[in-house]
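# Geometric and topological summary
Given next are the chains, with one letter for each unit.
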Amino acid sequence: ARWDWRQLREANVSKDGRDAACRASDDHRHYRSHSHVDSLDGCTAMCSSNSGCAAVEFNGAEARCEVWFQEPATVAYASNYTCLVREGRQVVIGGPEDPGDR
């Protein structure tokens, strides 16, 4: 299946969607973090293979991908980050939490 992605944008974040980190509306972890992910395409592929995935946050400098199980509430400026929200699916509110470090 092909998935559409949209970028969350805020006034203080670049219009191309880069340099934007996903942020939740509460203090709960709504994502699972994965190390050694080489590209944004690799990160979105991890999300596409998980029906519960609502969004991804990718940090190219750290080669880290967060697979989010709830749509982020907003984004914050953060160099080397990209936050993309998955479209064309029902968003799952809440999801499994990973006890690993952020």
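Scoring rules and cut-offs
- Residues numbered from 1 in each chain as written.
- Predicted model: local features only at pLDDT ≥ 70, side-chain atom pairs only at ≥ 80, totals over all residues.
- Heavy atoms only, no water.
- Disulfide = S-S within 2.5 Å.
- Helix = DSSP H or I, 4+ residues; strand = E, 2+ residues; numbered from the N terminus.
- Buried < 20%, exposed > 50% of the residue type's maximum accessible area, 1.4 Å probe, protein only.
- Core = buried A, V, L, I, M, F, W, Y, C linked by side-chain atoms within 4.5 Å.
- Contact = heavy atoms within 4.5 Å.

Evaluation of the coordinates by the stated rule reveals three disulfides. A sulfur-sulfur distance of 2.0 Å marks the disulfide that ties Cys22 to Cys83. Its S-S torsion of about 105° marks the bond between Cys22 and Cys83 as right-handed, since a negative value means left-handed. Linking Cys22 in strand β2 (residues 18-23) with Cys83 in strand β6 (residues 74-87), this pair joins segments that are 61 residues apart in sequence. Assigned by exposure class, Cys22 and Cys83 land together as buried.

Our next topic: the nonpolar core. Judged by nonpolar contacts, Val37, Leu40, Cys43, Cys47, Cys53, Val56, Phe58, Cys65, Val67, Phe69 and Leu84 together constitute the single largest core of eleven residues. Those elements giving two or more residues to this core turn out to be α1 (40-48), β4 (55-59) and β5 (64-68). Here this core gets three residues from one element, more than from any other, and that element is α1. Filtering out sequence-adjacent residues up to four positions away, Val67 remains in contact with His30, Tyr31, Arg32, His34, Met46, Cys47, Cys53 and Ala55. The next biggest cluster of nonpolar side chains, apart from the first, holds eight residues, and it includes Cys22, Trp68, Val75 and Cys83.

The analysis is restricted to geometry; functional conclusions fall outside its scope.
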